[in-house]
Amino acid sequence: LFDWSAEVKTCEEDYYKWTQWMFLRLYEKGLAYRKEAPVNWCPSCQTVLANEQVVDGACERCGTTVVRKNLTQWFFKITEYAEELLDDLPSLDWPEKTKTMQKNWIGKSTGCEVIFDCESGDAIKVFTTRCDTIFGADYVVLAPEHPLVAKLTTDECRQAVEEYVLNASKSSEIERLSTTREKTGVFIGAYCINPLTKKRIPIYAGDYVLYSYGTGAVMAVAAHDERDYAFSMKYNLPVTQVIIKRN
């Protein structure tokens, strides 16, 4: 039996007027903003799908292969409260496992942003927790969805890059972040300048970088990062060591 007196219909005004009211309060406080971000897109249904609606890479309704597509969306600035949430976690009467999960979900990283100027006049912004390794940055990797990939790709490399971006769009973020998955990428034909060494370094598109995480770009320091090292070995790229550990 169901207690229909407790039924809630999200399509009715008595319900959604309150979600609209809450959104407006957040917007007025500067805590709601719009930006582009990747979504699961079904080309046949012409709609966005939740992760649970994607089964083996296909739409659960029509079976069409799902792709990752950038769309403008609304976001809430939950990071504004990250420090407060982290500071108050120890005082909560929660299991330690739950506290650890919450801490990992917040995902605080301490570091800095570095600008790599491109020969085209564009700038690539990367976030790094290890700025001390920048002297070993021998190339930059952009997420396939990064807007600069399409903008900076040369005519000679365009076909290969477009094919790579299309294939990358068919993989979920979980698949792309897998530690056991082979690191792949493609040279887009463009170069940027390492701001400290002034070295001219190539720009790649690589699916192990996510546009939704950080700035969607990484400076590759193969000697001090496992993913960058695997990428460098696959494509015969430099491995410049800049830090030596001594006992």
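For the structure itself, look to the data block above.
None of these values were measured; they are calculated from a predicted model.

Novice: Would you mind going over the packing of aromatic side chains with me for this structure?
Specialist: Working definition: an aromatic ring pair is given by the centre-to-centre distance plus the angle between the planes. One pass over the structure, following the stated rule, counts 15 aromatic pairs. Seen from their ring centres, W18 and W21 are 6.3 Å apart, and the 70° between their planes marks the pair as edge-to-face. One end of the pair, W18, and the other, W21, are both in helix α1 (residues 13-28), three residues apart, so they sit about a helical turn from each other. Of the residues examined, W21 reaches a relative accessible area of 46% and is grouped as partly exposed. Plain terms: the ring middles of Y204 and F231 are 5.6 Å apart, the flat faces sit at 90° to each other, and that makes the pair edge-to-face.

Novice: Honestly, the sheet that holds strand β2 (residues 47-49) in this entry has me stumped. Any pointers?
Specialist: In a beta sheet, neighbouring strands are held together by backbone hydrogen bonds and run either parallel or antiparallel to one another. Read from one edge of the open sheet, three strands run β2-β1-β5, paired in antiparallel fashion. Among the strands making up the open sheet, the edge pair consists of β2 and β5 (67-76). Taken over all neighbouring pairs, the strand axes of this sheet differ in orientation by 60° on average, direction set aside. In terms of strand pairing, strand β1 (residues 32-42) meets β5 through 10 bridges, oriented antiparallel. Following the sheet pairing, N40 is matched in β5 by R68.

Calculation notes
Residues numbered from 1 in each chain as written. Predicted model: local features only at pLDDT ≥ 70, side-chain atom pairs only at ≥ 80, totals over all residues. Heavy atoms only, no water. Phe/Tyr/Trp six-rings, centres within 6.5 Å; stacked < 30°, edge-to-face > 60°. Helix = DSSP H or I, 4+ residues; strand = E, 2+ residues; numbered from the N terminus. Buried < 20%, exposed > 50% of the residue type's maximum accessible area, 1.4 Å probe, protein only. Pairing = 2+ DSSP bridges. Axes fitted to C-alpha atoms, helices over the stretch in contact; angles between N-to-C directions.

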